[in-house]
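# Summary of structural features
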Amino acid sequence: MSKKSTASAEKKAESAPAATDYSRVAVNSRLSREEKIELHRKMVRIRRFEERSLRAYQAKKIGGFLHLYIGQEAVAVGCCSLMGPNDHVITAYRDHGHAIAVGMDLNPLMAELYGKATGCSKGKGGSMHYFDPSRNFWGGHGIVGGQIPLGVGLAYGIKYKGLKGAAMAFMGDGAVNQGAVHEAYNLAALWKLPVVFVIENNGYSMGTSQARSSAGELAKRAEGYDMPWGQCNGHDLYEVRACMDKYLTLAREKHQPSTVEIDTYRYRGHSVADPDNTYRSKQEIEEYRRTKDPIQVFQQELLAEGVLDEATIEKIDAQARAEADTAADFAEASPFPTTDDIQKDVYWEADNPAERKSKGRLFFD
Amino acid sequence: MPLITYREAVRHALAEEIERDRNVVVMGEEVAQFNGAYKVTEGLLARFGPDRVVDTPISEAGFIGMGIGASMLGIRPVMELMFWSFYSVAFDQILNNAANVRYMSGGQIHCPIVIRGPANGGTNVGATHSHTPENVLANHPGVKVVVPATAYDAKGLLKSAIRDNDPVFFLENTMLYGEKGEVPTEEYLIPLGLADVKRQGTDLTIVTYGRSVLHSLAAAAVLEKEHDLSVEVVDLRSIRPLDIDTVLTSVAKTHRVLIVEEQKPFASVGAQLTYMIQREAFDELDGPIHRVTTVDAPAIYSPPVETEQLPNPQRVLKAALELVAGTE
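Please read these numbers as outputs of a predicted model, since none were measured by experiment.

## Regarding the overall build of chain A
- Scanning chain A from terminus to terminus reveals 14 helices and 8 strands.
- Its C-alpha atoms give chain A a radius of gyration of 21 Å, within 12% of the compact-globule value 21 Å for 365 residues.
- By its C-alpha atoms, chain A is 70 × 50 × 45 Å across when sized along the principal axes.
- Every one of the 365 residues in chain A was classed for burial, and the buried ones make up 55%.
- Long-range pairs, those at least 24 residues apart, make up 72% of the contacts in chain A with a sequence separation of at least 6.

Below you can see the structure in the form of structure tokens.
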């Protein structure tokens, strides 16, 4: 595996202590049988949703970009499974996994991809712009790194209101080189805002490997802002939960922001428009699939624990496939928004005419 | 009515809204301990404390983005840009995030944020600090843009802006901060999107806003006294929403239109107005619409020349006389 070869990764391998059994860490050992199965189910649902959406894209049912989360499922599911009522999430454009992880239904998610009025954003946002504030999910943002200051704002809001909670601001490894991310780091550290910056490091910012795009270790940049930082293996859901629990607790209890880099891998191209034949080898992808697949890893774990059996695994998979198919049927059968809808949801005031205070024209032709 | 400065009027609006609504927070570079780069926020820290009046680092993309994120959770940040010219380093936050997040979420989110600060030339600070981005801002559906010319308008409009549930960009003017005007002691609000006829007239309509209102009024006085011309001055006050009806009513009265704006000419607010007036009142016009803009170049430093680059009473006077001569 040649995806990344940072000094510290090698160092870790040299001096690897006895491997931690993350299933025994409190945040995992206290999980009930049903909760563990649910975590597994969520990852499977993400994968089947993504595969189904890819088929829909290939059938030309979906326009624009489609950034698939396949291979990274343990990151979103692990992190979002730790959310309490005052915890909030914001992410970039590879957002389907987070949306499902926070509990959004597949029907409106698929319908959004189809550009339908029943989509979670009424067909106005598309793949990169999923939102569900009722589940503390604030998008789904298209510009690399642009969502990170917003995530700090969520943390500011949590603290200002005196709530015990944390914001998780997700970004890819490519985002760490954007200025807005560093400005956000500084503000969070300076003002002790309860945010965990989560770098989902899949090794490639689009087609440019980490080695070709980023100097130094990604999470370590937090040191410059006096923030604690950590790294973990994002192929192991238990490890993701164990690591994130520590940093979320710091944020909630002490308003201590931090940066966590989660090692992960995407099996598909940057987006479906990426032929994926210029910057990495098929062997590399195959190796990840074979040895590190997050669903397989967790499945084996739960089989060993006696939580899952083959019949249950098959049933969960069949249900997830059926659910994704149902979502595609729902999307297919749903109406498109109309041209009358184009100018709705632009201004709060225009959408709430009875409460409008301003005068004059809001729209122009 | 007490006579107070534009600066004090903005400050009073901030203080009243901080007092009224626990969610209102004033933030920006030097707004607290330094008492404001232009002393607009002077005394607010002492009065309301560091939770409500917050100094930020020089980090516009960071703190403006942070304010937008906080506004999604119901905080009402009033963010000061020391100069609106610095919007360029926060462009993505202002015009991708604040302007678009409601739409992209299918109406699930709104951003009740105000970004305010001066946007003007005339202070000999060169091209980087003299931008007037109201046209650029107003080009983005989802945002509101307000440019008050007087102390009275600044206070009433800012209070409305802070209570508005959409993002409002409030463009002040360092050259106006010291201008005094009558402002009532009792509370009042001015709705956004309502123009104000600052001077009644019958021969020519000047459509203008911001500091150009003062230039236009000065020119109008001379036009009346020395040229027997009755000039109506329509102050838009708000660019988006836009009170085009007041403009059209005036055009129907005078049949001649001069637009005066501190904008570069290409795709300016005046260009939009011109389109709308010809589209909706073509038959009312006795001749082509004229305009006075900033002379089309980056802001020059040289102090006496900058005065000539910007609209000023002499340039307005000259343009008005040319327009009238061409339609007699």
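There is more to say, and it comes next.
## Quick notes on the sheet that holds strand β8 (residues 258–263) of chain A
Residues and elements named next belong to chain A.
- An order of β2-β1-β3-β4-β8-β7 is seen for the 6 strands of this open sheet, with the pairing classed as parallel. Each edge of the open sheet is held by one strand with a lone partner, namely β2 (137–140) and β7 (229–233). In this sheet, adjacent strand axes meet at a mean angle of 20 degrees when their direction is disregarded.
- Taken strand by strand, helix α4 (residues 73–80) contacts β1 (88–91), β3 (167–172), β4 (195–201) and β8, and its axis lies near 170 degrees from that of β3.

## Remarks on the environment of Ala267 of chain B
- Along the chain, the position of Ala267 of chain B falls in the loop between β13 (257–260) and α9 (269–281).
- In sequence terms Ala267 of chain B and Asn139 of chain B are 128 residues apart; their C-alpha atoms lie 9.8 Å from each other.

## Brief notes about the pattern of salt bridges
- Evaluation of the coordinates by the stated rule reveals 47 salt bridges over all chains.
- Here Asp317 of chain A and Arg48 of chain A are joined by a salt bridge, their closest N and O atoms 2.6 Å apart. Highlighted residues: Asp317 of chain A in helix α13 (residues 310–333) and Arg48 of chain A in helix α3 (residues 33–58), separated in sequence by 269 residues. We note that Asp317 of chain A, like Arg48 of chain A, is buried.
- Of the charged contacts, one joins Glu261 of chain B and Arg291 of chain B as a salt bridge, the two residues approaching to 3.7 Å between their closest N and O atoms. On the criterion of sequence distance, the pair formed by Glu261 of chain B in the loop between β13 and α9 and Arg291 of chain B in strand β14 (residues 290–292) is long-range, its members being 30 residues apart.
- Judged by its relative accessible area of 0%, Glu261 of chain B is buried.

## So, the packing of α3 of chain A against helix α6 (residues 106–113) of chain A
All names here are of chain A.
- Two elements in contact, α3 and α6, have axes separated by 11 Å at closest approach and are oriented at 25 degrees. Considering the angle they form, α3 stands roughly parallel to α6. Every pair of crossing elements has a handedness; the one defined by α3 and α6 is right-handed. Facing α3, whose interface residues are Arg45, Phe49, Arg52 and Ser53, α6 presents Leu106, Leu109, Met110 and Leu113.
- The residue inventory of the contact of α3 with α6, partitioned by class, reads 5 nonpolar, 1 polar and 2 charged.

## A look at the pairing of strand β4 (residues 76–80) of chain B
All names here are of chain B.
- Burial of β4 is extensive: 5 of the 5 residues sit out of reach of the surface.
- Taking every second residue as pointing to the same face, both faces of β4 are buried, with Arg76, Val78 and Glu80 on one and Pro77 and Met79 on the other.
- Sheet topology places β4 next to strand β5 (residues 114–118); 3 bridges connect them, and they run parallel. Residue pairing across strands places Val78 opposite Val114, the latter belonging to β5.
- The handedness of the β4 to β5 crossover, carried by helix α4 (residues 91–104), is right-handed.

## Digging into helix α8 (residues 179–190) of chain A
All names here are of chain A.
- With 12 residues, α8 should reach 16 Å at 1.5 Å per residue; the first-to-last C-alpha distance of 17 Å fits that figure.
- Those residues of α8 not exposed but buried are Ala180, Val181, Ala184, Tyr185, Leu187, Ala188 and Ala189.
- In the stretch just after α8, Lys192 is the one whose phi turns positive, near 50 degrees.

## Digging into the nonpolar core
- Tyr156 and Phe197 of chain A together with Trp84 and Ile94 of chain B are the most contacted members of the largest nonpolar core, which totals 87 residues.
- Here the element with the most residues in this core is helix α7 (residues 147–160) of chain A; it accounts for 8 residues.
- Every residue in contact with Tyr156 of chain A, bar those within four places of it in the chain, is listed here: Trp191 and Leu193 of chain A together with Val25, Met27, Asp51, Val54, Met66 and Ala70 of chain B.
- Formed by 70 residues, the second largest nonpolar core is a distinct cluster that contains Leu31, Met43, Ile62 and Tyr247 of chain A.

## Regarding α7 of chain A
All names here are of chain A.
- Over its 14 residues, α7 extends 20 Å from the first C-alpha to the last, a length consistent with the 20 Å expected when each residue adds 1.5 Å.
- Counting buried positions along α7 gives 13 out of 14 residues, so the element sits mostly inside the fold.
- Within two residues after α7, Gly162 carries a phi angle of roughly 75 degrees, on the positive side.

## Some words on the domain arrangement of chain B
All names here are of chain B.
- Taken domain by domain, chain B comprises domain 1 (3–182) and domain 2 (196–326).
- Using only C-alpha atoms to locate each centre, domain 1 and domain 2 end up separated by 26 Å.
- In this assembly, 28 residues from domain 1 lie in contact with 24 residues from domain 2.
- Together domain 1 and domain 2 conceal approximately 2100 Å² of surface at their shared face, both sides included; 54% is due to carbon and sulfur atoms.
- If you sort the residues of domain 1 by the area they bury against domain 2, Asn124, Asn135 and Val147 come out on top, with a joint share of 24%.
- Run the count over domain 1 and domain 2 and you get 2 salt bridges.
- We note a salt bridge from Arg237 to Asp153, for which the minimum N-O separation is 2.9 Å.

The rules behind these values
- Residues numbered from 1 in each chain as written.
- Chains lettered and ligands numbered in written order.
- Predicted model: local features only at pLDDT ≥ 70, side-chain atom pairs only at ≥ 80, totals over all residues.
- Heavy atoms only, no water.
- Helix = DSSP H or I, 4+ residues; strand = E, 2+ residues; numbered from the N terminus.
- Rg over C-alpha atoms; globule rule 2.2 N^0.38 Å.
- Buried < 20%, exposed > 50% of the residue type's maximum accessible area, 1.4 Å probe, protein only.
- Contact = heavy atoms within 4.5 Å.
- Pairing = 2+ DSSP bridges.
- Axes fitted to C-alpha atoms, helices over the stretch in contact; angles between N-to-C directions.
- Salt bridge = Lys/Arg side-chain N within 4 Å of Asp/Glu carboxyl O.
- Parallel < 35°, antiparallel > 145°, perpendicular 65-115°, else oblique.
- Left-handed = near helix turned anticlockwise from the far one by under 90°.
- Nonpolar A, V, L, I, M, F, W, Y, C, P; charged D, E, K, R; others polar.
- Right-handed = clockwise from strand over helix to strand, strands pointing away.
- Expected span 1.5 Å × (residues − 1).
- Core = buried A, V, L, I, M, F, W, Y, C linked by side-chain atoms within 4.5 Å.
- Domains from an automatic or database assignment.
- Buried area = accessible area lost by both parts, 1.4 Å probe.

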